[in-house]
Amino acid sequence: MAPWIQLHAQTHGEVTPCCVSAYKGECVGNLRTDANLSHAWNSAAMKKLRQNMLNGTASNMCGNCYESEALGKSSDREQYNRDYVSYFKRVENTLSDGTVTDNTIPILDIRFSNKCNYKCRICNSSNSTQLYEEDLKLGKISTDKPKEYKVTSNEDAFWKSYSALLPGVTKLHFAGGEPLIMEEHYRALEHLIAIGKTNVTLSYNTNFSTLRYKQYHLVELWQKFERVEVWASLDAMGAQGDYQRKGQKWNDIEQNIRTLQQQCPHVLLGIDVTASILNIFSIPAFYQYMVQQRFVNPERFNLYFLHEPDYFNVTNLTPTLPQL
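So, here is what we can say about the structure in this document. (Residues numbered from 1 in each chain as written. Predicted model: local features only at pLDDT ≥ 70, side-chain atom pairs only at ≥ 80, totals over all residues. Heavy atoms only, no water.)

## Overview of the overall build of the chain
Along its length, the chain carries 12 helices and 13 strands. Each principal axis of the C-alpha atoms in the chain carries an extent, and together these give about 55 × 50 × 45 Å. When the 324 residues of the chain are sorted by exposure, 50% land in the buried category. Approximately 15,600 Å² of the chain is accessible, and the part contributed by carbon and sulfur atoms is 50%. Side-chain charges in the chain split into 33 positive and 34 negative, and the spacing between the mean points of these groups amounts to 2 Å. (Helix = DSSP H or I, 4+ residues; strand = E, 2+ residues; numbered from the N terminus. Buried < 20%, exposed > 50% of the residue type's maximum accessible area, 1.4 Å probe, protein only. Areas by Shrake-Rupley, 256 points an atom, 1.4 Å probe, with all protein chains shown as cover. Lys, Arg positive; Asp, Glu negative; His and termini not counted. Charge placed at Lys NZ, Arg CZ, Asp CG, Glu CD.)

## Considerations on the packing of aromatic side chains
The geometry of an aromatic ring pair is captured by the separation of the ring centres together with the interplanar angle, meaning the angle of the planes. Inspection of the entire model under this criterion finds 18 aromatic pairs. Between Tyr80 and Tyr84, the aromatic rings sit 5.7 Å apart at their centres with planes inclined by 40°, giving tilted as the arrangement. Owing to a relative accessible area of 14%, Tyr80 belongs among the buried residues under this scheme. The interplanar angle of 10° and the centroid separation of 4.5 Å between the aromatic rings of Tyr186 and Tyr216 together place this pair among those described as stacked. With Tyr186 in helix H8 (residues 183–194) and Tyr216 in strand S9 (residues 216–217), this residue pair connects regions lying 30 residues apart in the sequence. Note on accessibility: Tyr186 and Tyr216 belong to one class, buried. Site record: aromatic cluster; members linked through ring pairs are Phe112, Phe158, Trp159, Tyr162, Phe174, Tyr204 and Trp222. Taking NZ or CZ as reference, Arg121 lies 3.8 Å from the ring centre of Tyr243, over its face. (Phe/Tyr/Trp six-rings, centres within 6.5 Å; stacked < 30°, edge-to-face > 60°. Lys NZ or Arg CZ within 6 Å of the ring centre and 35° of its normal.)

## Let's talk about helix H12 (residues 283–292)
Those residues of H12 that sit buried are Ile283, Phe286 and Met290. Each buried residue of H12 sits inside an arc of 60° when the element is viewed along its axis, so together they form one side. Among the exposed residues of H12, those pointing more than 90 degrees away from its buried face are Pro284 and Gln292. Where the residues of H12 are buried, they touch helix H11 (250–263), strand S12 (268–275) and strand S13 (301–305). Positive phi shows up at Arg294, right after H12, with a value of about 60°. (Arc of directions from axis to C-beta. Contact = heavy atoms within 4.5 Å.)

## A look at the pattern of salt bridges
By the definition in use, this model includes 12 salt bridges. In this structure, Lys150 engages Glu184 in a salt bridge whose closest nitrogen and oxygen atoms are separated by 2.8 Å. Here Glu184 lies in helix H8 and Lys150 lies in the loop between helix H6 (132–137) and helix H7 (155–165), a separation of 34 residues in the sequence. A relative accessible area of 30% means that Lys150 is categorised as partly exposed. A relative accessible area of 9% means that Glu184 is categorised as buried. The salt bridge involving Asp235 is made with Arg245; its shortest N-O contact spans 3.1 Å. One end of the pair, Asp235, is in the loop between strand S10 (227–233) and helix H10 (238–244); the other, Arg245, is in strand S11 (residues 245–246), with 10 residues separating them in the sequence. (Salt bridge = Lys/Arg side-chain N within 4 Å of Asp/Glu carboxyl O.)

## Things to note about the pairing of strand S7 (residues 201–206)
Where burial is concerned, most of S7 is hidden: 5 out of the 6 residues are buried. Both strand S6 (residues 171–174) and S7 contribute to a ladder of 4 bridges, which runs parallel. Paired with Lys171 across the strands is Thr201, a residue of S7. For the handedness criterion, the β-α-β arrangement of S6, H8 and S7 is classed as right-handed. Two strands pair when backbone bridges link them, and S7 and S10 are joined in this way by 6 bridges, in the parallel orientation. Note that in S10 the partner of Ser203 across the bridge is Glu229. (Pairing = 2+ DSSP bridges. Right-handed = clockwise from strand over helix to strand, strands pointing away.)

## Thoughts on the packing of H11 against H12
Where H11 meets H12, the axes come as close as 13 Å, and the angle between the chain directions of the two elements is 40°. Taken together, the axes of H11 and H12 are oblique relative to one another. Contacts between H11 and H12 involve Trp250, Glu254 and Ile257 on the former and, on the latter, Phe286, Tyr289 and Met290. Looking at the contact of H11 with H12 residue by residue, the class counts come to 5 nonpolar, no polar and 1 charged. (Axes fitted to C-alpha atoms, helices over the stretch in contact; angles between N-to-C directions. Parallel < 35°, antiparallel > 145°, perpendicular 65-115°, else oblique. Nonpolar A, V, L, I, M, F, W, Y, C, P; charged D, E, K, R; others polar.)

Spelled out as structure tokens, the structure:
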């Protein structure tokens, strides 16, 4: 369902139907060369992707979901199909060339920049400004690559197209980088409040390190919206978690969760855990702790297996190691 309901843009500007497809090196648009979001909706690449899906033809862009399903793991493709079946009429009405005539886009997932306050060991400079120097030293990036960059090079044109799509949007997703320290995120929220569109669902992937940024207090802003879903990227508790996500302070994380529960109880908190060599054997204890402390409901604890960097992938573990 993703190509019929959503546009996703990575920090480097490439537009795809969802975040999982963004890691296959293909895109349906690029906000660096064309800042108008709506142009990606029925671009030649997006229409071809829809045609392939309708014809049962595999697309390289969707390879990560194919791989997950081959391993017996539920994929994001399957999740989209379950969650958004109400939009299936769009699929039935798709034109033969892959065009969707309904130009409203229910979900926008825009990663405004790579600005971040963490040096997560599983991350890179494309998603965190804090890892820029390390990636330079390791030769992963060239010296002409900027430390911080934004999703588009034409902000005026981007925001014009973004604002024009808002009347048809039901959900906005924010990630990064770290969205809670991005000026663009607060610009988006202030605009929604100003036009009275507070019935839209706000969704986040965040390291949840802070509830304040400059003059903004997130609790006060979130209280104005009917539905807010926060997925905190947390991989372990205490010192282990602080090691994996360098910059994290676990005591602050716990305090932020308590503040949210007390002052903004309508916010739905969930935990996204990235399973890697660093935490694969401690995840059960982490899950038990978070549930017992009533920090999160049992069903709002997601597990994602790390694909990159390869050296942290759990498939590198020897078959006998889990038995030790």
